[in-house]
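# Analysis of the macromolecular model
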Amino acid sequence: MEQVQPVPRNHSRLVIKLLLLVAGAFVFAFALVPLYNVLCEVTGFNGKTSAGFAAGGLKAGLAQAPASRVDTGRLIRVEFTGTVMPGLPWEMRPLKVSLDVHPGELQQISYLVRNTADRPITGQAVPSVTPGQAAQHFEKIECFCFDQQTLAPGEAQEMPLAFIVSPEVDRDITHITLSYAFFSIEGQRQTLSATAEAR
Amino acid sequence: MTDQPSEFSPADLARRRSAARRLAWLLGLAVVIIYVLGLFIKR
Amino acid sequence: MNTATTANGHANPHGDGHYSGLMRWLTTTNHKDIGTMYLTFSLIMFFVGGAMILAVRAELFAPGLQLMQPEFFNQLIGIHALVMIFAALMPAATGFANWMIPLMIGAPDMALPRLNNWGFWLLPPAAILLTMPFFLALFGIGDGALATGWTFYAPLSVQGGMGVDFAILAVHILGISSIMGSINIIVTIFNMRAPGMTMMKLPLFAWGWLITAFLLLATLPVLAGAVTMLLTDRHFGTHFFDAAGGGDPILFQHLFWFFGHPEVYILLLPVWGLMPHVLATFSRKPTYGYTAQVYAFIAIGLLSVVVWAHHFFTAGLPVPALIYFMFSTMAISIPLAVLFFCWIATMWKGSMSFETPMLFAVGFIVLFGIAGLTGLILADVAADAQYHHSYFVVAHFHYALFAGGIMGVMTGVYYWLPKWTGHMYSEKLGKLHFWLTVISFNLTFMPQFFLGLAGMPRRIPDYALQFAEFNAISTVGAMILGFSQLLFAWNIWSCVRGGPKAEARVWEGAEGLEWELSSPPPHHSWETQPVIK
Ligand SMILES: [Cu+2]
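Residues numbered from 1 in each chain as written. Chains lettered and ligands numbered in written order. Predicted model: local features only at pLDDT ≥ 70, side-chain atom pairs only at ≥ 80, totals over all residues. Heavy atoms only, no water.

As a further point, take the packing of aromatic side chains. The full count for this structure, using the stated rule, is 57 aromatic pairs over all chains. Summarising the aromatic geometry, the rings of A:Trp90 and A:Phe182 are spaced 5.1 Å apart at their centres and angled 65 degrees between planes, so their arrangement reads as edge-to-face. In this pair, A:Trp90 is assigned in strand 3 (residues 90-94) and A:Phe182 in strand 10 (residues 175-184), connecting sequence segments 92 residues apart. Overall, A:Trp90 belongs to the buried group, its relative accessible area being 6%. Given the relative accessible area of 0%, A:Phe182 is considered buried. An angle of 80 degrees between the planes, with centres 4.9 Å apart, marks the rings of C:Phe120 and C:Trp121 as edge-to-face. C:Phe120 gets classed as buried once you look at its relative accessible area, which sits at 4%. Taking relative accessible area as the criterion, C:Trp121 reaches 26% and is therefore assigned partly exposed. (Phe/Tyr/Trp six-rings, centres within 6.5 Å; stacked < 30°, edge-to-face > 60°. Helix = DSSP H or I, 4+ residues; strand = E, 2+ residues; numbered from the N terminus. Buried < 20%, exposed > 50% of the residue type's maximum accessible area, 1.4 Å probe, protein only.)

Structure follows, in structure tokens:
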């Protein structure tokens with residue numbers, strides 16, 4: 001077999017390109033975090049609810065919900081549930097387990113939340129809507145989850161929620177479940193809980 | 001291809017060739033039979 | 001283990017001649033030495049991971065808790081998986097690459113020999129980090145190893161004990177090692193091929209590894225990023241995966257499986273690359289469909305990074321996403337079927353003989369076929385709702401990764417061992433090892449399909465009474481499977497020590513540059529490169 005001396009080659013250019021690929025993939029992992037949140041908000045993947053009316057508050061929401069938008073032709077049952085996460089000595093329950101609503105109709109209910117500890121505690125509720133396809137059509141106009149809530153020792157509060165199920169919601173959807181997880185935010189930095197408020 | 005004497009004689013290799021081919025047809029036939037039987041199995 | 005270098009009559013039995021003993025192995029930059037170290041490490045960790053799972057199977061022999069507490073059970077299953085994937089299968093493939101790619105493409109060594117040495121020596125510390133919490137717990141430090149399963153799912157992993165931190169750091173180190181190995185392999189293949197060896201004349205083993213290396217570079221950093229986020233969530237007050245702070249635990253699953261699915265092909269592509277060599281050798285025919293196989297490798301590589309969410313169909317994905325991930329996953333079966341047809345067509349009308357590597361190769365095709373077909377069932381969104389997180393999944397991925405991965409590696413070991421050591425292994429022991437392995441493997445995992453269909457969930461130390469019989473069978477199979485691997489180790493050990501002399505072309509049907517060199521090859525090979533016509 002014919003044989004020749006190997007040609008010495010400089011590998012550094014290729015190595016640098018490959019290292020750039022690695023660095024790009026690492027950055028991509030972190031870029032996925034905001035991308036994922038944007039995707040979830042736009043599409044309602046994962047039960048992230050619409051923040052459409054949150055900015056304008058109740059009045060703006062009502063202005064956008066004229067009576068003509070109400071679809072009286074069908075009823076959707078909205079079920080309410082809530083969980084207090086470990087580390088928060090609270091109790092919570094919805095005052096009504098479910099409501100039958102016409103799409104487009106403004107509805108209000110409240111959760112009863114009680115602090116069972118003997119010290120004031122601040123918590124943050126994080127909502128989730130099932131099924132995911134309904135999430136983007138579930139518009140919360142006013143919600144205790146927009147803000148952190150502080151309860152005095154032993155205090156019980158009725159925390160209100162106003163919402164509209166948009167008439168654009170798919171006709172296949174007959175039931176929607178709204179679930180809250182209440183977290184303790186003691187010892188957590190303000191900036192981070194601010195991101196929770198944003199949704 | 002061979003700088004090393006084969007432990008198999010040419011006749012041996014030819015015999016293996018036809019044996020392998022026979023086995024392949026047999027397995028193929030088994031697959032077809034199982035497939036056809038599947039058409040008749042009702043759940 | 002230095003017979004490979006002493007037997008060839010090299011002027012200095014200790015290779016580069018700088019050091020001897022342990023220092024020689026610590027400092028070696030020779031691709032054959034490093035390949036040997038990778039393979040030895042892999043074999044040791046194969047037994048470590050195997051011992052863990054035998055303890056698990058012993059616990060599962062009967063319903064109820066007999067041998068261990070659930071916490072310890074959880075630690076064993078997670079570390080078993082991490083050890084087998086990162087410390088046994090991946091190093092075995094890298095060991096093959098180190099040993100064989102320079103020989104196959106006519107290169108004098110790997111392109112970046114020092115990086116190569118460093119890449120290997122990161123592995124033992126990582127393996128120690130992974131398993132150390134077990135021993136620390138014995139002395140009352142910490143509460144044992146990672147107990148989340150190998151997938152680290154948040155929020156469980158955010159809340160877990162210090163075993164999670166150990167595993168995160170081990171994954172970082174293992175990842176760096178794999179990235180260095182991959183860069184080395186890509187540069188070697190791109191820059192060091194013998195003159196005249198075009199990319200479409202590259203041996204398929206090198207092609208398979210090339211795709212694996214690119215997949216590693218593209219996806220391992222994503223895993224590194226995900227576990228880094230986990231680490232900062234645990235200790236530095238971030239909330240990537242903590243819903244209380246606005247994070248999302250499902251995000252972790254996306255990040256993890258963005259790496260996790262390609263990882264399956266990372267483990268399998270080197271084996272798929274090796275198979276045509278073995279099948280062609282023992283069928284005494286050229287490989288069928290070289291070009292088709294190259295394109296199938298590339299297609300699988302590309303598809304593998306866009307199908308990840310099939311691992312959590314039940315996490316509440318929207319229907320359009322479910323449909324997309326279902327169809328893209330099923331699409332992978334097309335290039336994979338191309339590979340299967342090429343393997344079978346290579347054997348078709350061949351003069352086949354069934355030496356141990358060929359037995360393992362044929363066993364691989366049959367059993368890996370079962371893995372592929374059951375994978376199609378799991379890819380079906382509607383079916384997956386029932387089978388998700390059941391023993392059906394466990395059986396499926398062991399058909400893929402034991403029968404596909406580990407039996408593939410065994411194929412390679414038996415095929416190349418005479419080349420590496422210069423001695424023939426015992427064919428009788430090899431065949432016994434094959435039959436024991438293939439029978440006990442099916443005895444272990446076939447019942448698990450039925451357990452899964454009947455509804456037994458995975459990752460539990462105890463189970464309902466109706467699952468008792470199949471679990472007992474599975475445990476018996478696992479014990480035979482585990483202990484028959486001692487034959488494998490013994491066969492390798494005695495082959496390294498001595499045995500009938502192997503020719504340069506060990507198998508008379510073998511083709512390729514690696515068979516032009518003596519067995520074992522000289523410590524420095526292809527210092528003048530062969531010219532390919
Ligand atoms: Cu997958």
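All names here are of chain A. Taken in spatial order, the five strands of this open sheet run 4-2-10-6-8, and their pairing is mixed. The open sheet has two edge strands, strand 4 (98-101) and strand 8 (149-151), and neither has a second partner. Recorded for the sheet is a direction-independent mean angle of 30 degrees between the axes of neighbouring strands. Across eight bridges, strand 6 (residues 121-130) lies against strand 10 in antiparallel orientation. Counted as the bridge partner of Gln124 is Phe183 from strand 10. (Pairing = 2+ DSSP bridges. Axes fitted to C-alpha atoms, helices over the stretch in contact; angles between N-to-C directions.)

On the side of chain A, 36 residues touch chain C, which itself brings 47 residues to the contact. Taken over both partners, the interface formed by chain C and chain A buries close to 3,600 Å², and the fraction arising from carbon and sulfur atoms is 70%. Between the two partners, chain C and chain A, sit zero salt bridges. Counting across the chain C and chain A interface gives five residue pairs in polar contact (both at pLDDT 80 or more). At the level of elements, helix 8 (162-191), helix 9 (204-235), helix 10 (249-283) and strand 1 (529-530) of chain C are the ones that each hand at least two residues to the side of chain C that touches chain A. Split into classes, the residues belonging to the side of chain C that touches chain A amount to 31 nonpolar, 11 polar and five charged. In the sheet, strand 1 (residues 3-4) of chain A pairs with strand 1 of chain C via two bridges, with the strands oriented antiparallel. Residue pairing in the sheet places A:Gln3 in a bridge with C:Pro530 of strand 1 of chain C. (Contact = heavy atoms within 4.5 Å. Buried area = accessible area lost by both parts, 1.4 Å probe. Salt bridge = Lys/Arg side-chain N within 4 Å of Asp/Glu carboxyl O. Polar contact = N/O pair within 3.5 Å; in protein donor to acceptor, adjacent residues only side chain to side chain. Nonpolar A, V, L, I, M, F, W, Y, C, P; charged D, E, K, R; others polar.)

Turning to the coordination of the copper ion, a few remarks are in order. Residue and element names in this part refer to chain C. Only His261 (ND1), His310 (NE2) and His311 (NE2) from the protein coordinate the copper ion, and they sit 1.7 to 2.0 Å from it. Read in sequence order, the donor residues for the copper ion give the motif H-x48-H-H. With His261 in helix 10 and His311 in the loop between helix 11 (290-304) and helix 12 (319-331), this residue pair connects regions lying 50 residues apart in the sequence. For His311, a relative accessible area of 21% corresponds to the partly exposed category. (Donors = N, O, S within 2.8 Å, 3.2 Å for Na, K, Ca; no water.)

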